[in-house]
Amino acid sequence: MSDEIKTSQQLWTGNFYNEGIGSHDGLFDKLREECGVFGVFGHPESASLSYYGLHALQHRGQESAGICVANGESFSYYRNMGLVKEVFNNDNLTTLVGPSAIGHVRYSTSGESKLANAQPLVFKYRGGDLAIATNGNLHNAGEVKKELESQGSIFQTTSDTEVIAHLIARSKHDDIVLAVKEALLKVEGAYAFLFQTKDKLIAARDPHGLRPFVMGRLGNAYLFASETCAFDAVGGTYYRDVEPGELLVLDMSTNVLVEDRFSPIKQRAICAMEYIYFARPDSDIDEINIHSARKRMGRQLALESFVDADVVTGVPDSSISAAIGFAEQTGIPYELGLIKNRYTGRTFIQPSQELREQGVKMKLSAVRSIVAGKRVVMIDDSIVRGTTSLRIVNLLREAGATEVHVRISSPPFKNPCFYGIDTPDRKELIAAQKSIEEIRQAINADSLHFLSHDGLLNAIGRPNGEFNRGHCTACFDNRYPTKITDEAEVGCGCD
Ligand code: SF4
């Protein structure tokens, strides 16, 4: 197998410090979504559409971006480290010509260059070229990899995606669709996969539906994305969610969508954290709008933990919807008590440890005239290690808040994720180590409440009838929808 990287740009040397974008960054004590995927089939401008689609999914990954285009005979592709707008320009986009494209954004780290792992990964196998882009994690990838290595396979990356590629390459089936199905049955985990050959595009979602994956239309073209916001960005419309265990196939010879399955649906378990924090507020998952779900979480939180106060404020950006809901339910006015500096990004100046400690001030300011002399309710979506919460509470106090009551629009985050979310070890999760009263003291809040588990499920609003109403809430309740054998394999299969 070869994975030639077609890039003339200088590789990222890792000598800059990534402040990140949005609230998904290194300074904030937040979980990180690992990746986003976007696909187009049947449109002559597939590369440009992918550019805009990936741009809309940038919050799901800021380390690298890539697009691979097929024209019926061959591939052209480009990928590099950086944000979508940094990686692509007119020159390289115009070299990507063809009606089918798959694209990928990967999450941000401040460590070494990992260009070799930037997706889409492109392989040669006996059937020709194969490109793969994925969001998620295969938690038995280590096991499968060992088995393949014992049979002679040589791996070039540390990515789970390469494991799938080897399984496809070793399949007894010449038909790529059968080979993909066979490979998917050997892996376990959470994923949205896009596979591309010179004339086919195949989309597959894990049998639990853990990671979001949607299909859209743009004229006669088909679109695929991690989130619906990417369809809006390209003028497309949502068509439906890719069902758990489903395999959708498009072939240039027919241009007809073939709806197939590689697995029956297993216990549906959509990641609840997508609704709480990861997804963009303008996206819908399983036809539930994220902003509306977050507002309901805020309302529910108010019902569960009312406190008399003067203003409600949300930690930008992901907690603002919940803060609006809390304010609506209580009648306490919502105010912009915290403002985010939107113009942080990459800096080539590595901050000193002292400045890094102060880093939150580069990103957030408390609005003194709003909070001074006031009892403030501060809504946040989650507490991971607790370090950021302490800094933000202190920001509000320094700006003159007389009381700071912290309300969290999710249950205590106690368990690591094995399904494609970058989470610290259990021992670093403050809620796994401390009682709620101890956390309150650690973050210097006057009071602290977390949304209840039932309150969360009610607020998201999927109908009853399935276990856990069709959600994964394992990071709150330790009930993983799949068997987890190796706790060491936390995180992202894209790594
Ligand atoms: S463990 Fe948590 S973050 Fe991971 S998929 Fe489940 S709900 Fe999402």
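Residues numbered from 1 in each chain as written. Predicted model: local features only at pLDDT ≥ 70, side-chain atom pairs only at ≥ 80, totals over all residues. Heavy atoms only, no water.

- Under an unreviewed UniProt entry, the name given to the protein is Amidophosphoribosyltransferase, and the organism recorded is Paenibacillus rigui.
- On record in UniProt, under Function (unreviewed entry), the comment for the protein is "Catalyzes the formation of phosphoribosylamine from phosphoribosylpyrophosphate (PRPP) and glutamine."
- Under the heading Catalytic activity (unreviewed entry), UniProt records this for the protein: "5-phospho-beta-D-ribosylamine + L-glutamate + diphosphate = 5-phospho-alpha-D-ribose 1-diphosphate + L-glutamine + H2O". (UniProt positions renumbered as here; feature names shortened; annotations may be inferred.)

1. Thoughts on empty space enclosed by the protein
Then comes step 1: This structure, assessed with the given rule, holds four cavities of 30 Å³ or more.
Then comes step 2: When its volume is computed, the largest cavity comes out at roughly 110 Å³.
Then comes step 3: Taken together, 17 residues line the largest cavity, and the ones lying closest to its centre are Cys271, Met273, Cys417, Cys472 and Cys475.
Then comes step 4: The element that contributes the greatest number of residues to the lining of the largest cavity is helix H8 (residues 272-278), accounting for three residues.
Then comes step 5: Among the residues forming the lining of the largest cavity, the class breakdown is 15 nonpolar, one polar and one charged. (1 Å grid on protein atoms, 1.4 Å probe; cavity = no way out; pocket = protein on both sides within 12 Å on 5 of 7 lines; lining within 4 Å. Points joined across faces, edges and corners; volume = space filled by probe spheres on them. Helix = DSSP H or I, 4+ residues; strand = E, 2+ residues; numbered from the N terminus. Nonpolar A, V, L, I, M, F, W, Y, C, P; charged D, E, K, R; others polar.)

2. A look at the sheet that holds strand E8 (residues 128-138)
Then comes step 1: The antiparallel open sheet is built from six strands, whose spatial order is E7-E8-E9-E10-E14-E15. The sheet is open, and its two edges are formed by strand E7 (121-125) and strand E15 (257-261), each paired on a single side. With direction set aside, neighbouring strand axes in the sheet form an average angle of 20°.
Then comes step 2: For E7 and E8, the ladder comprises five bridges, and the chain directions are antiparallel. Bridge pairing in E8 links Leu121 to Ile132.
Then comes step 3: Where helix H6 (residues 176-186) meets the sheet, its contacts fall on E7, E8, strand E9 (189-196), strand E10 (200-205), strand E14 (246-251) and E15, and the angle it forms with E10 comes to roughly 20°. (Pairing = 2+ DSSP bridges. Axes fitted to C-alpha atoms, helices over the stretch in contact; angles between N-to-C directions. Contact = heavy atoms within 4.5 Å.)

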